[in-house]
Amino acid sequence: MKKLIVLAALALGLAACGTEGTPTAQFDDERQSDISCMKHQEQTPGEEYFDEGNWDTVVSLSLLRYYTSNGAKPYCDGKTATDADQGWRKLYVQMGAEKNNLR
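Residues numbered from 1 in each chain as written. Predicted model: local features only at pLDDT ≥ 70, side-chain atom pairs only at ≥ 80, totals over all residues. Heavy atoms only, no water.

Looking at the packing of aromatic side chains
One pass over the structure, following the stated rule, counts six aromatic pairs. Put simply, the rings of Phe27, Tyr49, Tyr66, Tyr67, Trp88 and Tyr92 touch in pairs and so form one group of aromatic residues. Against the face of Phe50 rests Lys90, its NZ or CZ located 5.2 Å from the ring centre. (Phe/Tyr/Trp six-rings, centres within 6.5 Å; stacked < 30°, edge-to-face > 60°. Lys NZ or Arg CZ within 6 Å of the ring centre and 35° of its normal.)

Now the structure itself:
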């Protein structure tokens, strides 16, 4: 019984460590589809995204691919970039991508 309690405590501890510092906003890369216009991002990247130590390879590559391929396309609703869009665009440039790829 003691082993079960210890294992449960360890599992809870590891779960807590695994979620600490994990960025909460999600970037929508539209499933990497071939698109004719962009939809607006629903979530604004938090400050944790701008810390290079938090950059996740999968998220980073998704963001870079999306804006490199689609950044010059208009938004589907014909409006300009929202604050959420601007946040992701700022991160794209901070990652070293060309600002010229953005409309």
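Things to note about the pattern of salt bridges
Summed over the entire model, instances satisfying the criterion amount to one salt bridge. For Asp28, the salt bridge goes to Lys39, with nearest N and O atoms at 2.7 Å. Of this pair, Asp28 sits in the loop between α1 (2-19) and α2 (57-70) while Lys39 sits in the loop between α1 and α2, and the two are 11 residues apart along the sequence. Using a relative accessible area of 26% as the deciding quantity, one classes Asp28 as partly exposed. (Salt bridge = Lys/Arg side-chain N within 4 Å of Asp/Glu carboxyl O. Helix = DSSP H or I, 4+ residues; strand = E, 2+ residues; numbered from the N terminus. Buried < 20%, exposed > 50% of the residue type's maximum accessible area, 1.4 Å probe, protein only.)

A short note on helix α3 (residues 83-94)
Taking 1.5 Å per residue as the helical rise, α3 with its 12 residues ought to reach 16 Å, and the 16 Å between its terminal C-alpha atoms agrees with that figure. Along α3, the residues that are buried comprise Ala84, Asp85, Gly87, Trp88, Arg89, Leu91 and Tyr92. Looking at the buried positions of α3, the neighbouring elements they touch are α2. The first or second residue beyond α3 is Gly96, which carries a positive phi of 105°. (Expected span 1.5 Å × (residues − 1). Contact = heavy atoms within 4.5 Å.)

Structural notes on the nonpolar core
Counting residues in hydrophobic clusters, the biggest one holds 16 residues, and the most contacted among them are Leu63, Tyr67, Trp88 and Leu91. Secondary structure elements with two or more residues in this core: α2 and α3. (Core = buried A, V, L, I, M, F, W, Y, C linked by side-chain atoms within 4.5 Å.)

Comments concerning the state of the cysteines
Under the counting rule described, the total for this entry stands at one disulfide. The disulfide that involves Cys37 links it to Cys76, with 2.0 Å between the sulfurs. With the S-S bond torsion at 95°, the cross-link from Cys37 to Cys76 turns out right-handed. Linking Cys37 in the loop between α1 and α2 with Cys76 in the loop between α2 and α3, this pair joins segments that are 39 residues apart in sequence. Using a relative accessible area of 46% as the deciding quantity, one classes Cys76 as partly exposed. (Disulfide = S-S within 2.5 Å.)

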